[in-house]
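Okay, here's what each chain looks like letter by letter:
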Protein chains: 2
Amino acid sequence: MYRTHTCGELRTGDAGKEVTLCGWIQTSRDLGGMTFIDLRDRYGITQLVFNMETNPGLCEQARKLGREFVIQVTGNVRERSNKNLRIPTGEIEIEAARFVVLNPSELPPFTIEEDTDGGDELRMKYRYLDLRRPSVRDNMILRHRMAREVRNYMDSAGFIEIETPFLIKSTPEGARDFIVPSRLQPGSFYALPQSPQTLKQLLMVSGFDRYFQIVRCFRDEDLRADRQPEFTQIDCEMSFVTRDDILDTFEGLVRHLFKSVKGIEFSEPFIRLTYDEAMESYGTDKPDLRFGMEIRDLTGIVKGRGFSLFDNSGYIGAISVPGCSGFSRKQLDELTGFVTRQQSGAKGMVWLKYEADGTLRSSVDKFYSAEDLMLWVEKLQSGRGDLVLVLFGDREKILPALSGLRLEMGNRLNLRKRDEYKPLWVVDFPLFEWNEEETRFYAMHHPFTSPRPGDIQLMETDPGAVRADAYDLVINGIETGGGSVRIHDASLQKLMFKTLGFTEKEAAEQFGFIMNAFRYGAPPHGGIAFGFDRLVALFGGQDSIRDFIAFPKNNSGRDVMLDTPAPVSEKQLQELMLKPSGRKQGQE
Amino acid sequence: MYRTHTCGELRTGDAGKEVTLCGWIQTSRDLGGMTFIDLRDRYGITQLVFNMETNPGLCEQARKLGREFVIQVTGNVRERSNKNLRIPTGEIEIEAARFVVLNPSELPPFTIEEDTDGGDELRMKYRYLDLRRPSVRDNMILRHRMAREVRNYMDSAGFIEIETPFLIKSTPEGARDFIVPSRLQPGSFYALPQSPQTLKQLLMVSGFDRYFQIVRCFRDEDLRADRQPEFTQIDCEMSFVTRDDILDTFEGLVRHLFKSVKGIEFSEPFIRLTYDEAMESYGTDKPDLRFGMEIRDLTGIVKGRGFSLFDNSGYIGAISVPGCSGFSRKQLDELTGFVTRQQSGAKGMVWLKYEADGTLRSSVDKFYSAEDLMLWVEKLQSGRGDLVLVLFGDREKILPALSGLRLEMGNRLNLRKRDEYKPLWVVDFPLFEWNEEETRFYAMHHPFTSPRPGDIQLMETDPGAVRADAYDLVINGIETGGGSVRIHDASLQKLMFKTLGFTEKEAAEQFGFIMNAFRYGAPPHGGIAFGFDRLVALFGGQDSIRDFIAFPKNNSGRDVMLDTPAPVSEKQLQELMLKPSGRKQGQE
């Protein structure tokens, strides 16, 4: 071993010991008679002291050490006179007796500090240096701990982690696959999995009644901000269970993670909202429950007063913003601008101030009396001092607009605290969504999602009304997991394909493989998958997943550190019998 | 929940309880008055009884249940009169009161039993049914347990599991990469990692001084038997450590696995043989130490007696096979045939029988007196009753031939027991191997492997003699892990490239990326990777890794269950701006 201790473990109790440490030079301060060096490793920082009086040769050598040099140093631990109580090792220092430069370092392209001077691209290009920064390092350690706790919980609940293949088959439905040309069978391709969905269902057919896997998945999407072409999910499936068994099991997982990793215990069961309830009260299927400000439907009480914008709207909804009745005209105009900029279909905003003295003032005083307005306030359960914001138009456009407005006001009022967590289940999603262009229904989740048992009789008469046995776990407005009970009954599966407009032949072509497996005794089963990158970022209190991935790609899907994707050799393409077809042909 | 218990947990203590079980029908036996059904799930088998006298309706229904039907059954536990002591649930049975068919099953294409009637291809095609067989199921559970124990050990030793990317960059050196076309950057490609080698070294540069990962790797090789295009390795790297620190740490891992998974404790430290010692005594760098029969060099004592085959050979070596002096002429001829069939360069075999009565008889009595032959016997430490087998020729060809002969005799004498494990480290591999065709040295491991500290001065004068700080873990003749201390010193790295015949420009082009990272303070580091599939198979007592992988590919790299690789749609290729070039162009 090159060292006796790490840079994070020495305390005053170690005073007097001779120790050897290894690490990187964080900073060096030359105070004339003394030179202080902060030595950093994964575990912390320890101060080294070089004394010009007692050991001038060594001290002069130490002064030549640059930032990020790697050294091995031996010396005696002693209590510091000038203690730094912000770090665990701040009460001691090492009086250096000798050191060895294990490796020098060029000047790094940015400072390895919390508030680094490196921009995003630079930090990504030198990701191996960025990973030295304590916050990024801690994110990786958090990720490791969370993966460990996931496995602890799942293992103790009888789940078996089974590795599924990465070189699988491309499926025409769904998002775009990454494909991998086969050299042994030129013209044929593997595909990288978007998720192990069918494979985990096959494992249920195999009888592995509790499966999980922390697994990389791939999706060749046009990248949006904070999406990665490769991402990690906690993939789970169970047999012989009902929906509530599944929710209970994975609520247990989430509780275990919060408790073991963050020390947070939830006293109550997670709230379960139906999709309809979530849409009605929050305008979204991913509600942030850290604050109230719920949406209320004013449609029934505001029409017929001659205000044509309301009278011509299918839906009028509002939120009540606490303590904001004092908003100025300018602030209200700015909010109206925010709403219309959202491009949500909201054409304007009506406001109502419930003043502290009880008076009611609105932008539509002309049409509504104080008694009328009092009905709004009652509906919204507003208090004095609140500001009511009303949007109007088509329900399916106005609800998301109200959701956006609600979140915006939550941000402005600082109601969305990073260290508060409000998980909930959203259940009973619609089974189908109507595609206007293709005038057919699509499966909202996937075609193996089971309808709610009570809704099966609606499959043929009113597909749009059928609810799915599907569920999402939402935390603080972020969808962190989702899944469903699967169809295991052949006749129901047939009905499902019929409703989706598949002929039996088409169904067999696209899904014959798994339907074939289901002919040999498929158990009732269902599952869930959690977005692990997102979950870790949430636990880390950050919005972006990128700093919770060791070597992420940028928004164009590039790894700027590895400089990939990149051209490959002509020989490789020849072996694969592939030719770039050039832009023109590609766009034909 | 569909069930109160599993099919593996009921015992006589549960007699009298009403229980509900779910599972698959393993077998059904209609004995007239009674029908017995074995119900199977992941946890075991429980016998169900249907009584024609007490419940004729139910019993008749039960008789219609076919193999692999999935049912839910409720009934009372009772002690069996006719106990089956071979299974843990064999002392009880369930007197069925009612059941539900959760799913029927068609007749499976092969029987779901230990001795199945399904051939390899059929079992692979219906892998989801093959996985129902208890032995294959148990292999998956073993794999899960081993992965868990790897993580337990590594975590408690302070290692952090860090996920490295799968979409990386193709490197020209080494084995063939699988590549992944980029749609966003047509004509450019990602590559799937053959191992996270450079990435884990970057993590050391980042300061994560103890990294591991159980990770999928990919290699587009012309497949040999029992190789998979995707395979899993336990990938590890450490900083601030010497070779012995690394060996001690991972010997600890292997000991932990043997103890926790198989209950085996090794009392002694693992033997460490140098590469030279292993070659000399076993003719291979992967010796099977479950039995002796070591190779001895007779070159010095057999020459000069007029036997030209020996006199004209550079090397004469032998093994002494215990208790086989009674081999017939036919048996010896057959062994000679085995040796020459190996195509190893051994042109023939000389034998010597040390009879039980002490007499010595050999195939070369004409040339060697009893005193001469006694020297052989002494050299080999043969006992009476042993058979000495001698091969001769070029040392580098004869040693492997002797190794093959030794293993063959070990097999014949049943000395290679499945339940015995003999791990050892092989160390001090040559750093370089000479490539005769290209008349240059190649790195035996990879160009970042460090020479043994004492051998650095030979780098320029005698590269072939330089030993590497590289090591393999060998268990029962199987290489289960390998690694090395890496070069972290820039000038040594330069010398390495020079020895390999790289110009500075070539080195920068091919390895500039990691060499660049090393300029910013690389710590001394080294690591190891274990073949996880192989390790699990070894623990499972089997030679083939295929049944320790849930969904393996066949020897042509095909997944016959998923039927992949397969053609993809024209649209996909257009989006990637790729064209199959056809066989002709591909071979230009």
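Structure: above.
What counts and how
- Residues numbered from 1 in each chain as written.
- Chains lettered and ligands numbered in written order.
- Predicted model: local features only at pLDDT ≥ 70, side-chain atom pairs only at ≥ 80, totals over all residues.
- Heavy atoms only, no water.
- Contact = heavy atoms within 4.5 Å.
- Buried area = accessible area lost by both parts, 1.4 Å probe.
- Salt bridge = Lys/Arg side-chain N within 4 Å of Asp/Glu carboxyl O.
- Polar contact = N/O pair within 3.5 Å; in protein donor to acceptor, adjacent residues only side chain to side chain.
- Helix = DSSP H or I, 4+ residues; strand = E, 2+ residues; numbered from the N terminus.
- Nonpolar A, V, L, I, M, F, W, Y, C, P; charged D, E, K, R; others polar.
- Pairing = 2+ DSSP bridges.
- Phe/Tyr/Trp six-rings, centres within 6.5 Å; stacked < 30°, edge-to-face > 60°.
- Buried < 20%, exposed > 50% of the residue type's maximum accessible area, 1.4 Å probe, protein only.
- Lys NZ or Arg CZ within 6 Å of the ring centre and 35° of its normal.
- Axes fitted to C-alpha atoms, helices over the stretch in contact; angles between N-to-C directions.

(A) Seen up close, the interface of chain B and chain A. Taken residue by residue, the interface counts 126 residues in chain B and 127 residues in chain A. Taken over both partners, the interface formed by chain B and chain A buries close to 11400 Å², and the fraction arising from carbon and sulfur atoms is 58%. Taken as a group, Glu163, Phe240 and Tyr520 of chain B account for 7% of the area that chain B buries against chain A, more than any other trio of residues on that side. Residues Asp222 of chain A and Arg183 of chain B are paired through a salt bridge, measuring 3.0 Å at the closest nitrogen-oxygen approach. At the surface where chain B touches chain A, the tally comes to 67 residue pairs in polar contact (both at pLDDT 80 or more). Top element by residues in the side of chain B that touches chain A is helix α4 (residues 134-156) of chain B. It accounts for eight residues. Here the side of chain B that touches chain A is built from residues that sort into 65 nonpolar, 29 polar and 32 charged. In terms of strand pairing, strand β23 (residues 578-580) of chain A meets strand β23 (residues 578-580) of chain B through three bridges, oriented antiparallel. By the bridge assignment for β23 of chain B, Leu578 of chain A is matched with Pro580 of chain B.

(B) Region of interest: the packing of aromatic side chains. The final tally for this structure, using the stated rule, is 63 aromatic pairs over all chains. Ring centres of Phe258 of chain A and Phe266 of chain A lie 5.0 Å apart, and the angle between their planes is 90°; on these two criteria the pair is classed as edge-to-face. For Phe258 of chain A, a relative accessible area of 0% gives the class buried. Overall, the relative accessible area of 18% leaves Phe266 of chain A in the buried class. Here the aromatic cluster, defined as three or more aromatic residues joined through ring pairs, consists of Phe307, Phe310, Phe367, Tyr368, Trp376 and Phe392 of chain A. The cationic tip of Arg406 of chain B hangs over the ring face of Phe291 of chain B; the distance from NZ or CZ to the ring centre is 4.0 Å.

(C) The arrangement of the sheet that holds strand β5 (residues 92-103) of chain A in detail. Residues and elements named next belong to chain A. Here we have five strands rolled up into a closed barrel, ordered β1-β2-β3-β5-β4, and mixed in their pairing. When the angles between neighbouring strand axes are averaged without regard to direction, this sheet yields 55°. Bridge analysis of strand β2 (residues 34-41) against strand β3 (residues 44-51) gives eight bridges, and the strand direction is antiparallel. Of the residues in β3, the one forming a bridge with Met34 is Asn51. Strands in contact with helix α1 (residues 56-63) are β1 (18-30), β2, β3 and β5; relative to β5, the strand with the most contacts, it is inclined by about 65°.

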